[in-house]
Amino acid sequence: MAHLIEFRDLKKIYAQGEEPVHALDGVSLDIDEGEFVAIMGASGSGKSTLLNILGCLDTPTSGSYRLDGMEVARRTRKELALIRNRKLGFVFQNFNLLPRTSAIEQVELPDLYMGRLSRRERRRRALELLKRVGLGGRGTHTPAQLSGGQQQRVAIARALMNAPPVLFADEPTGNLDTKASVEIMKLFTELSNEGITIVMVTHEDDIAAYAKRHLVMKDGRLVRDDRRESAPGKGAAG
Amino acid sequence: MNFVMIFKVAILAILRNKTRALLTCLGIIVGIAAVIAVLAIGKGASTMMLNEISTMGNNLVMVFPDSNRRGQVRSGMGSGQTMTADDAEAIKRELGHLVRYVSPAVNVSSQLVYQNKNWSCRVSGVSCDMPEIRNWQIGEGRFFTEDEERSYARVCVIGTTVQNNLFDGEDPVGRTLRIGAMPFKIIGVLRSKGANGWGQDQDDTVMAPYTTVGRVLTRSKFRSINMMNLSLHDMSDLDEAKREVTALLRQRHKLPDYQDDDFETRDTTEIMSTMGSVSSLMTVLLTAVAAISLLVGGIGIMNIMLVSVTERIREIGLRMAIGATPFMILSQFIIEAVVLSTVGGALGVGLGVVVANVIGEVNHWPIVIEFSSALYSFLFSAFVGMFFGFYPAYRASKLNPIDCLRYE
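The model shown is predicted, which means the values in this text are computed figures rather than measured ones.

Considerations on the overall build of chain B
- What chain B contains, in helices and strands, is 13 helices and 12 strands.
- By the burial criterion, 41% of the 408 residues in chain B qualify as buried.
- For chain B, restricting intrachain contacts to residue pairs at least 6 apart in sequence, the fraction spanning at least 24 positions comes to 81%.

Dropping the structure here:
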């Protein structure tokens, strides 16, 4: 069976100054549907570059990347945008919500670019997703009226709008307090249990503990790949 | 790609920051308002000038007999006796398809006497069509009729200068005025026209039927006249009308081919063309002012849009991350600029109309607001939005989503 994500000898070289920088130095990696993966590593280890390429925000210098059976390593900016729209959902450290915009409109946004649903269906699905992330009654609230944890929930609902096979999260709890972090990670765990594939970058061990698979990057290489069959450790979150 | 959606995205983005939207519009609002106001005032001024010119007459052609020759001594224009009232009547009869009104003019300078007052001025013998030809309005009473013209009636119409000098607040209509030795009944007073372009008082005049004047004042045997005023149906027939009139008069005067015309025609096209060049110069000037205003407004839009692109760099990154293609980003920002500039254009048209009217009211200037100038300004503002919105939008679309998302 084909994997959802297949990396084959991916390299990303930045030609900065005289010495080229090998941000990714030959990474091969498979991720299957339904996995909950945490990518870890010190800063400068290449984990952000890896996530950017995984998220189709950047293209590798060489190597092959198959996403959902499709080669995406060498695509134009337009094609990558369309792939992100249909196949990927993003959750960011700083939420990246539009200012002065209601939660419901934030969640609807990906479908505005996709144009798949009618106006009524779009609104219905957005409300459903807000309820799903526990913000049923707050559709009209703007980011300024929401707490950090609530803003991140809006961002998660938005990431799920176009029903993508993969959800990418870049330090999703980096700007949140412990209590909000636990709530967000619980939500991720629930989504993972529903079969959504989640790839998350984090440098916090207790956050990574929620994931079932840990990838550790160092100097542009994948140095560890642990699969844990046990349920996410409740104690780890403290 | 769904354009309606992009449009919706752009509108939502504008509504999100109304202060910024207003500031972006401001340049265009002021620019368009300036254009509308300047054009309204300029158009009003040129309309006023045209009105002034039109007091001279409608589609006017004047025919003068050549000067009188006695040996080598020549008298002035109109002194010849070769042209007669019959010529005028022949033109009216035979060239009616080109010439709408004909009025011969028999001018005589005469002493006017009313009771114990007297005054001297030019008495013009004209036809009943004179008010139509020279745009004379009747202030009180009436002008004489064709019947009175044919029956050599001793009636006359006086100008306001004559009225002021002979009648001390008394109503002149119905009084009897002595012109030279002959009594004339005053049947009307002409509405004042003021001085003409050469400073001559047009109201210092008395008009009577040319028939009567010719018979009882000049006593000319040959019914000779000083000139003819012709009013054409249409100024575009000018050349043809002049040719036909010339041919007819040559034939009536039995001039052999080798002999020059014994008359001369003149028209107002020269004056018109001078005024035309003044008014086109003014148009060029106003257009330049308008163009500069709009250019400044457009640059304002570009500035704010550029600032806005930088300010919204994270938003752009997010939009790209969730699937906006570069073209969609480009479209969004161009649509934003066009919507802002057209809304600004519409507001500017409104403001311009108000400003023009206020200025006109305060200075007592005529204001002419043309629908076409409002429409063109509005359309041009949309174009300005597109033109000046393109560069910021292009910059936005070329941004790298990763850099945008990391931008602090």
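So much for the structure itself; the text now carries on.
A few points about the pairing of strand S10 (residues 205–209) of chain B
Residues and elements named next belong to chain B.
- With respect to burial, S10 is a largely interior element, 5 of its 5 residues being buried.
- Bridge count between strand S5 (residues 117–126) and S10: 5 bridges; the pairing is parallel. Looking across to S10, one finds that Val123 is bridged to Val206.
- Sheet topology places strand S7 (residues 155–158) next to S10; 2 bridges connect them, and they run antiparallel.

Some words on the sheet that holds strand S7 (residues 166–170) of chain A
Residue and element names in this part refer to chain A.
- Strand order in the open sheet formed by 6 strands is S6-S7-S8-S3-S9-S10, with mixed pairing between adjacent strands. With one partner strand each, in any of the chains shown, strand S6 (88–91) and strand S10 (221–227) form the two edges of the open sheet. Each adjacent strand pair in this sheet contributes to an overall mean axis angle of 20°, direction not counted.
- As judged from the 6 bridges shared by strand S9 (residues 213–218) and S10, these two strands associate in the antiparallel manner. Note on S10: the bridge partner recorded for Val216 is Arg224.
- Running at roughly 170° to S6, helix H5 (residues 148–160) makes contact with S6 and S7 of the sheet.

Notes on the packing of helix H11 (residues 326–363) of chain B against helix H12 (residues 371–397) of chain B
All names here are of chain B.
- Look at H11 against H12: their axes get within 7 Å of each other, and the N-to-C directions meet at 150°. Considering their axes alone, H11 and H12 lie roughly antiparallel with respect to each other. The interaxial crossing formed by H11 with H12 has right-handed handedness.
- Tallied by class, residues from the contact of H11 with H12 come to 22 nonpolar, 10 polar and no charged.

Some details on the environment of Phe36 of chain A
Residue and element names in this part refer to chain A.
- Among the secondary structure elements, Phe36 is positioned in strand S3 (residues 36–40).
- Judged by the 22 C-beta atoms lying within 10 Å of it, Phe36 is buried.
- Leaving out residues up to four positions away in the same chain, Phe36 has contacts with Ser192, Ile198, Ala211, Lys212 and Arg213.

Reading the values: the criteria
- Residues numbered from 1 in each chain as written.
- Chains lettered and ligands numbered in written order.
- Predicted model: local features only at pLDDT ≥ 70, side-chain atom pairs only at ≥ 80, totals over all residues.
- Helix = DSSP H or I, 4+ residues; strand = E, 2+ residues; numbered from the N terminus.
- Buried ≥ 20, exposed ≤ 12 C-beta atoms within 10 Å, placed from the backbone.
- Contact = placed C-beta atoms within 7 Å.
- Pairing = 2+ DSSP bridges.
- Axes fitted to C-alpha atoms, helices over the stretch in contact; angles between N-to-C directions.
- Parallel < 35°, antiparallel > 145°, perpendicular 65-115°, else oblique.
- Left-handed = near helix turned anticlockwise from the far one by under 90°.
- Nonpolar A, V, L, I, M, F, W, Y, C, P; charged D, E, K, R; others polar.

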